[in-house]
Amino acid sequence: MTRATEAATFFGIIATVYLALLFQLLPISLPETVQDFTLPVLPWWALVTFGAYSLGNIGYHVLTFRDCPEAYDELQVQIAQAQNDLRSKGVTI
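Just so you know, these numbers come straight off a predicted model, no measurement behind them.

### Concerning the overall build of the protein
The helix and strand inventory of the protein stands at 3 helices and 0 strands. The order of α-helices and β-strands along the protein, N terminus first, is α-α-α. Taken against the 2.2 N^0.38 rule, which gives 12 Å for 93 residues, the C-alpha radius of gyration of the protein at 27 Å runs more than 25% over that of a compact globule. A principal-axis box enclosing the C-alpha atoms of the protein has dimensions of 80 × 30 × 25 Å. Here the protein, with 93 residues, has 5% of them falling under the buried criterion. Only carbon and sulfur atoms are counted for the fraction: they give 69% of the accessible area of the protein, which is about 8400 Å². The protein carries 4 positive and 8 negative side-chain charges, and their two centres are separated by 15 Å.

### A few points about the UniProt feature "transmembrane region" (unreviewed entry) in the protein
On the UniProt side, "transmembrane region" (unreviewed entry) is annotated at positions that read residues 7-30 and 42-63 here. With 100% helix and 0% strand, residues 42-63 has end C-alpha atoms that lie 31 Å from one another.

### Describing the confidence of the model for the protein
Parts of the prediction with low pLDDT should not have their coordinates interpreted in detail. Across the protein, the average pLDDT comes to 93, with 100% of residues at 70 or higher. Put simply, helix H3 (residues 69-88) is where the protein has its lowest mean pLDDT, 94, and helix H1 (residues 3-22) is where it has its highest, 96.

### Some details on H3
Between the first and last C-alpha of H3 there are 29 Å, a value that for 20 residues agrees with the 28 Å anticipated at 1.5 Å per step. Downstream of H3 by one or two residues, Gly90 has phi in the positive range, about 90°.

### Comments concerning a nonpolar patch on the surface
Where nonpolar side chains cluster on the molecular surface, the patch consists of Ile13, Val17, Leu26 and Ile28 and spans about 340 Å² of accessible area. Its place among the elements puts Ile13 in helix H1.

### Considering the side chain of Gln35
As for its position among the elements, Gln35 is in helix H2 (residues 32-63). Looking at Gln35, its side chain comes within polar contact range of the main-chain oxygen of Leu22, at 3.2 Å. Those residues in contact with Gln35 that sit more than four places away from it in its chain are Leu21, Leu22, Gln24, Leu30 and Pro40.

### Some thoughts on the environment of Leu86
Mapped onto the elements of the fold, Leu86 is located in helix H3. Excluding anything up to four places from it in sequence, Leu86 contacts Val91 and Ile93.

Parameters at a glance
- All residue numbers here refer to positions counted from 1 along the written sequence of the relevant chain.
- In keeping with the predicted nature of the model, local features appear solely for residues at pLDDT of at least 70, side-chain atom pairs appear and are counted solely at 80 or more, and the whole-chain, interface and lining totals rest on all residues.
- Heavy atoms throughout the structure, all of them, feed into the side-chain values; hydrogens and water do not.
- For helices the rule is a DSSP run of H or I covering at least 4 residues; for strands it is a run of E covering at least 2, with both sets numbered from the N terminus onward.
- When we talk radius of gyration, it's over C-alpha atoms, and the globule rule is simply 2.2 Å times the number of residues to the 0.38.
- To sort residues, take the accessible area from a 1.4 Å probe on protein chains only and compare it with the maximum for the residue type: under 20% means buried, over 50% means exposed, and anything in between is partly exposed.
- With residues, only the protein chains shown are counted as cover, and all accessible areas are computed by Shrake-Rupley using a 1.4 Å probe.
- This count recognises Lys and Arg as positive and Asp and Glu as negative, with His and chain-terminal groups excluded.
- Charged groups are reduced to one reference atom each: NZ for lysine, CZ for arginine, CG for aspartic acid, CD for glutamic acid.
- UniProt positions are given in the numbering used here, feature names are shortened, and annotations may be inferred rather than shown by experiment.
- Note: pLDDT gives the predictor's confidence per residue, expressed from 0 to 100.
- Helix span is expected to be 1.5 Å times the residue number reduced by one.
- The patches reported here contain residues having more than 30% relative accessible area and no salt bridge. Joining distances are 9 Å for like charges and 5 Å for nonpolar side chains (Val, Leu, Ile, Met, Phe, Trp, Tyr).
- Put simply, a salt bridge is a Lys or Arg side-chain nitrogen that is within 4 Å of an Asp or Glu carboxyl oxygen.
- Here a polar contact is recorded for every N or O atom pair within 3.5 Å, except that within protein the pair must consist of a potential hydrogen donor and a potential acceptor, and residues adjacent in sequence are included only if both atoms are side-chain atoms.
- Contact between two residues is taken to exist if any of their heavy atoms lie within 4.5 Å; hydrogens are not considered.

Right under this line is the structure:
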């Protein structure tokens, strides 16, 4: 089973249980507060939580991104070569 198949199966099961609870198809008695107020907004809460986690994760990895001095030096050499090539063709930079 691939990782995508596992994720799809997991979210399919969660969605099925959620919809069964939302439409009261399971013989589980939830408190009225949970049934009327919490359960309908649960997907939005999960979406906002996932978005906040994603933004935090991206921000952390941008903050801790490692510099590559070798790549910087190589890029500077390539820029100099391109400028010299353009100057030899009569382009003013």
